[in-house]
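# Chains, contacts and geometry: an overview
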Amino acid sequence: LIIIALIPVIWASKGFEVTFIDVGQGDSILIKTEKRRVILIDGGGMPTYYDGDFDTGKDIIIPFLHSRGINEIDLVVFTHFDDDHAKGLISILKSMKVKCIVYGLPEESRLYQEMLEIAHEKSIKTVQVSRKDQFVIDNAAFYVLNPVKDSLRNDSSNNKSVVLKMMYKGIAFLFTGDLEREGEENLIGSGLNIQSQGLKVGHHGSHTSTSEEFLSHVKPAYAIISAGKDNNFGHPSPQVINALNNNEVKVLRTDIHGAVTFKIHGKDVKIYTTVPEEIY
């Protein structure tokens, strides 16, 4: 009976998972490979004007990782250094074992400097990436589509976001950070293949991102929007939601569905949310 009872637990731990963690108004994406290698893209974080002691990394992400049996992280990706993407990663770097950090262009920001200081203190390898770089973890290939190495200094930090396309067994996810329309146009003009079944919608669904032209090139089946419930920014924009609906894209939102997990086991792909409800 004990063995039978453990079967669902063992099965649940198998496979390749991509989880869009519900961190409120911010981004955080957990990728766990079949061999239990762990990649964390962004870590959410409260904005600087919030003066409470709540810490997204300590109070949301670390407990979430521990609930999945994760005690160390192979790779942390800073898409850029805005608070709602990077701030939660600082406490994670301080309190968990992290083997490597990937980031894009250097920024004149407190969080960038703090990341470098912690990496130096804890001997964490840091790797700066730009367009056309790539790396492989287990059987998952990651292609760096942005930033461009010679980006102009006055480009917005959003358009300098690290954009990754991940390919795993013929399934592609596009992780866009806070990329806005100007960055999308640059990406389209590069001629790189951005077509992906799963799209992490840029800038939390802001009207400044996710143009019709961009959607026509990505051709996503699923779009995931990471935004806080009743946030003050009006994210996601009705304009973006209409564009996704017009392109017959299934929309999943952390402010509605909670954490969204794509579980890939062989050729079987299922999507779960913390509602909880199996969607596909």
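The following paragraphs examine the structure supplied in this document. (Residues numbered from 1 in each chain as written. Predicted model: local features only at pLDDT ≥ 70, side-chain atom pairs only at ≥ 80, totals over all residues. Heavy atoms only, no water.)

### Points about the packing of helix H2 (residues 56-67) against helix H3 (residues 83-95)
Their axes nearest at 8 Å, the elements H2 and H3 cross at an angle of 70°. Viewed along their axes, H2 and H3 adopt a mutual orientation that is roughly perpendicular. Relative to H3, H2 is oriented so that their crossing is right-handed. Residue-level inspection shows Gly57, Lys58, Ile61 and Ile62 of H2 in contact with H3, the latter providing Gly88, Ser91, Ile92 and Ser95. Looking at the contact of H2 with H3 residue by residue, the class counts come to three nonpolar, four polar and one charged. (Axes fitted to C-alpha atoms, helices over the stretch in contact; angles between N-to-C directions. Helix = DSSP H or I, 4+ residues; strand = E, 2+ residues; numbered from the N terminus. Parallel < 35°, antiparallel > 145°, perpendicular 65-115°, else oblique. Left-handed = near helix turned anticlockwise from the far one by under 90°. Contact = heavy atoms within 4.5 Å. Nonpolar A, V, L, I, M, F, W, Y, C, P; charged D, E, K, R; others polar.)

### Structural notes on the pattern of salt bridges
What the rule picks out here adds up to 14 salt bridges. In this structure, the salt-bridge partner of Lys263 is Glu17, at a minimum N-O distance of 2.5 Å. Of this pair, Lys263 sits in strand E14 (residues 260-265) while Glu17 is found in strand E1 (residues 16-20), placing the two residues 246 residues apart along the sequence. Across the pair, exposure class does not vary: Lys263 and Glu17 are buried alike. Arg37 is paired through a salt bridge with Asp138; the nearest N and O atoms lie 3.6 Å apart. With Arg37 in the loop between strand E2 (29-32) and strand E3 (38-41) and Asp138 in the loop between strand E7 (134-137) and strand E8 (140-146), this residue pair connects regions lying 101 residues apart in the sequence. Take Arg37: its relative accessible area is 32%, and that puts it in the partly exposed class. Residue classification places Asp138 among the partly exposed positions, given a relative accessible area of 23%. Salt bridges linked by common partners bring Arg37, Glu72, Asp74, Lys97, Lys99 and Asp138 together as one network. (Salt bridge = Lys/Arg side-chain N within 4 Å of Asp/Glu carboxyl O. Buried < 20%, exposed > 50% of the residue type's maximum accessible area, 1.4 Å probe, protein only.)

### Digging into the packing of aromatic side chains
Applying the stated criterion across every chain yields a total of ten aromatic pairs. Residues Phe16 and Tyr168 carry aromatic rings whose centres are separated by 3.9 Å and whose planes lie at 15° to one another, so their mutual orientation is stacked. In this pair, Phe16 sits in strand E1 while Tyr168 sits in strand E9 (residues 163-168), placing the two residues 152 residues apart along the sequence. Pair check on accessibility: Phe16 and Tyr168 agree, each one buried. Between Tyr222 and Phe262, the ring centres sit 5.8 Å apart and the planes meet at 80°, which makes this aromatic pair edge-to-face. One end of the pair, Tyr222, is in strand E12 (residues 222-225); the other, Phe262, is in strand E14, with 40 residues separating them in the sequence. (Phe/Tyr/Trp six-rings, centres within 6.5 Å; stacked < 30°, edge-to-face > 60°.)

As far as function goes, none of this settles anything; it's purely spatial.
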